[in-house]
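# An overview of the molecular structure
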Amino acid sequence: GAVVSQHPSRVICKSGTSVKIECRSLDFQATTMFWYRQFPKQSLMLMATSNEGSKATYEQGVEKDKFLINHASLTLSTLTVTSAHPEDSSFYICSARDFAASEAPLHFGNGTRLTVT
Amino acid sequence: GEDVEQSLFLSVREGDSSVINCTYTDSSSTYLYWYKQEPGAGLQLLTYIFSNMDMKQDQRLTVLLNKKDKHLSLRIADTQTGDSAIYFCAESPGGYQKVTFGTGTKLQVIP
């Protein structure tokens with residue numbers, strides 16, 4: 001089945017630094033990937049839609065200069081949290097859909113737990 | 001906008017059946033999904049159903065869809081302690097459209 005790999009699984013960084021999270025589709029090509037954020041005991045909030053070879057589409061209220069998304073290839077999207085602050089601490093999850101498949105559910109990575117100290 | 005709602009908590013005894021319910025508002029929903037999330041992990045796709053289907057069964061899992069009432073349910077037969085997790089209902093119009101998630105139902109299985 002479709003596999004989405006996300007790295008790192010856990011990262012701790014100091015306030016003011018930047019952190020990059022990678023999301024890879026391992027056995028399929030994904031022209032579109034999605035980045036979600038999840039606060040403790042809450043549902044997933046879509047942050048942005050990452051489109052291969054073009055700019056990401058951000059949801060309302062998400063700062064595009066703070067959460068930089070790059071989708072340079074059909075199998076890799078990255079999310080960079082710039083100048084991180086403690087309020088950016090959260091669980092970030094990427095997902096992708098195999099659009100070549102006739103039925104295309106969304107598959108998720110295992111998430112990245114970001115802690116900003 | 002789209003809205004997906006679930007009850008927050010469900011507790012069942014091991015061996016019983018669990019039924020997790022979900023309601024949605026978007027009449028253009030084409031795909032309806034159930035995901036499982038264990039602590040500290042990402043989301044695992046359990047099953048999904050198209051809006052032109054009423055029921056889908058996959059081993060211990062049965063999904064029922066009442067499109068008229070916009071109600072989706074997930075039944076887990078012979079619930080095991082390993083089924084303890086948060087279950088998310090989600091919907092999408094399909095294609096490149098975004099997926100909207102419910103609030104999640106925490107399933108607790110009592111041995």
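We now turn to the structure provided with this report. (Residues numbered from 1 in each chain as written. Chains lettered and ligands numbered in written order. Predicted model: local features only at pLDDT ≥ 70, side-chain atom pairs only at ≥ 80, totals over all residues. Heavy atoms only, no water.)

### So, the state of the cysteines
Condition: The term disulfide is used for any two cysteine sulfur atoms that are within 2.5 Å. The helix count covers DSSP runs of H or I at least four residues long, the strand count covers runs of E at least two residues long, and both are numbered beginning at the N terminus. The buried label applies to any residue whose accessible area, calculated with a 1.4 Å probe on protein chains only, is under 20% of its type's maximum; exposed applies above 50%, and partly exposed to all values in between.
Inspection of every chain in the model, using the stated rule, returns 2 disulfides over all chains. The side chain of A:Cys23 participates in a disulfide bridge whose partner is A:Cys94; the two sulfur atoms lie 2.0 Å from each other. Disulfide A:Cys23 to A:Cys94: torsion about the S-S bond roughly 80 degrees, handedness right-handed. With a gap of 71 residues between them, A:Cys23 in strand β3 (residues 19-25) and A:Cys94 in strand β9 (residues 90-97) connect regions that are remote in the sequence. In this structure A:Cys94 comes out as buried when scored by relative accessible area, which is 0%. Across the disulfide from B:Cys22 sits B:Cys89; the S-S distance is 2.0 Å. Its S-S torsion of approximately -65 degrees makes the covalent link between B:Cys22 and B:Cys89 left-handed. Taken as a pair, B:Cys22 in strand β3 (residues 18-24) and B:Cys89 in strand β9 (residues 85-92) lie far apart in primary sequence, 67 residues in all. When sorted by exposure, B:Cys22 lands in the same class as B:Cys89, which is buried. Between A:Cys13, a cysteine without a disulfide, and A:Cys94, which holds the nearest cysteine sulfur, the sulfur-to-sulfur distance is 18 Å.

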